[in-house]
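# Residue-level structure breakdown
Listed here are the chains, written in short residue letters.
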Amino acid sequence: PAEEKISEAIKLIGDQECVAIVDPPRAGLHTSVVKAIRANPRINRVIYVCCGWKSFPANALNFCRSQSKGFPGAPFRPIKACGVDLFPNTPHVELIVVFSRSEGIDDLLDAQRSAREEAHRQSQNKKRKERVMD
């Protein structure tokens, strides 16, 4: 299976970071392949090339969804996308999307959550002090 080939290829490159280039069939990437890519921290970017745009939203969702037991590894985020007309005078267009790891986004969301919680605590303390003074 493709997911095993990913692990084998990663072992060959050692500790280096790498980019995964995928060109799935019209049905899209199998979920197990997306999970294998996400689970490997050395893969920091994915270049997704597809002719079957109907399968793209499901694959994109699986690359981008929050980390969970079912989808290990930091999520990716789309950073660039374009259509390429490789077959002029036909309705077919290749979609190319570059995904990048979003570990920094998780840190930002945690910091925002902490700031909201701290603001809420301060607001509650201020209300308590005002009640005591009344």
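Below is a summary of the structure that appears in this document. A quick note: this is a predicted structure, and the numbers were derived from the prediction, not measured. Residue positions are given per chain, counted from 1 along the sequence in the order it is written. Where totals are concerned, whole chains, interfaces and linings use all residues; where local detail is concerned, this predicted model gives features only for residues with pLDDT of at least 70, and gives and counts side-chain atom pairs only at 80 or more. Computation of side-chain values: all heavy atoms of the structure, hydrogens and water removed.

This brings us to the pattern of salt bridges. Should a side-chain nitrogen of Lys or Arg be within 4 Å of a carboxyl oxygen of Asp or Glu, the pair is scored as a salt bridge. Per the counting criterion, the structure on display carries two salt bridges. Between Lys5 and Glu8 there is a salt bridge, and its shortest N-O distance comes to 3.9 Å. Pair noted here: Lys5 and Glu8 are both in helix 1 (residues 2-13), with a separation of three residues, about one helical turn. Exposure is judged per residue with a 1.4 Å probe applied to protein chains only, and the accessible area is read against the type maximum: over 50% gives exposed, under 20% gives buried, and values in between give partly exposed. Assessed through its relative accessible area of 53%, Lys5 is described here as exposed. Each helix is a run of H or I in the DSSP string that is no shorter than four residues. Each strand is a run of E no shorter than two, and both are numbered from the N terminus.

Right, let's get into the nonpolar core. In this structure, Ile37, Ile43, Val46, Tyr48, Phe63 and Phe99 are the most contacted members of the largest nonpolar core, which totals 21 residues. Listing elements by their share of this core, those giving two or more residues are helix 1, strand 1 (18-22), helix 2 (31-39), strand 2 (43-50), helix 3 (56-64) and strand 4 (94-101). Residue contacts follow a heavy-atom distance rule, with two residues in contact if any of their heavy atoms lie within 4.5 Å. Sequence-distant contacts of Ile37, defined by excluding residues within four places in its chain, comprise Ile6, Ala20, Val22, Ile43, Val46, Phe63, Phe76 and Arg101. In these notes, a set of buried Ala, Val, Leu, Ile, Met, Phe, Trp, Tyr and Cys residues joined through side-chain atoms within 4.5 Å is what counts as a nonpolar core.

This part takes up the sheet that holds strand 3 (residues 76-84). Any two strands with at least two DSSP-identified bridges between them are counted as paired. In spatial order, the strands read 1-2-4-3; together these four strands make up an open sheet with mixed pairing. Looking at the sheet topology across the chains shown, the edges are occupied by strand 1 and strand 3. Each adjacent strand pair in this sheet contributes to an overall mean axis angle of 15°, direction not counted. Contacts from helix 3 reach strand 2, strand 3 and strand 4, with the element oriented near 10° to strand 4. Throughout, an axis means a line fitted to C-alpha atoms (over the contacting stretch in the case of helices), and angles, computed between N-to-C directions, take values from 0 to 180 degrees.

Right, let's talk about unusual backbone geometry for a bit. Despite not being glycine, Asn89 has its phi angle at roughly 65°, a positive value. Of note, Asn89 is situated in the loop between strand 3 and strand 4. Judged by its relative accessible area of 82%, Asn89 is exposed.

Note that all results are geometric; they support no functional claim without further evidence.
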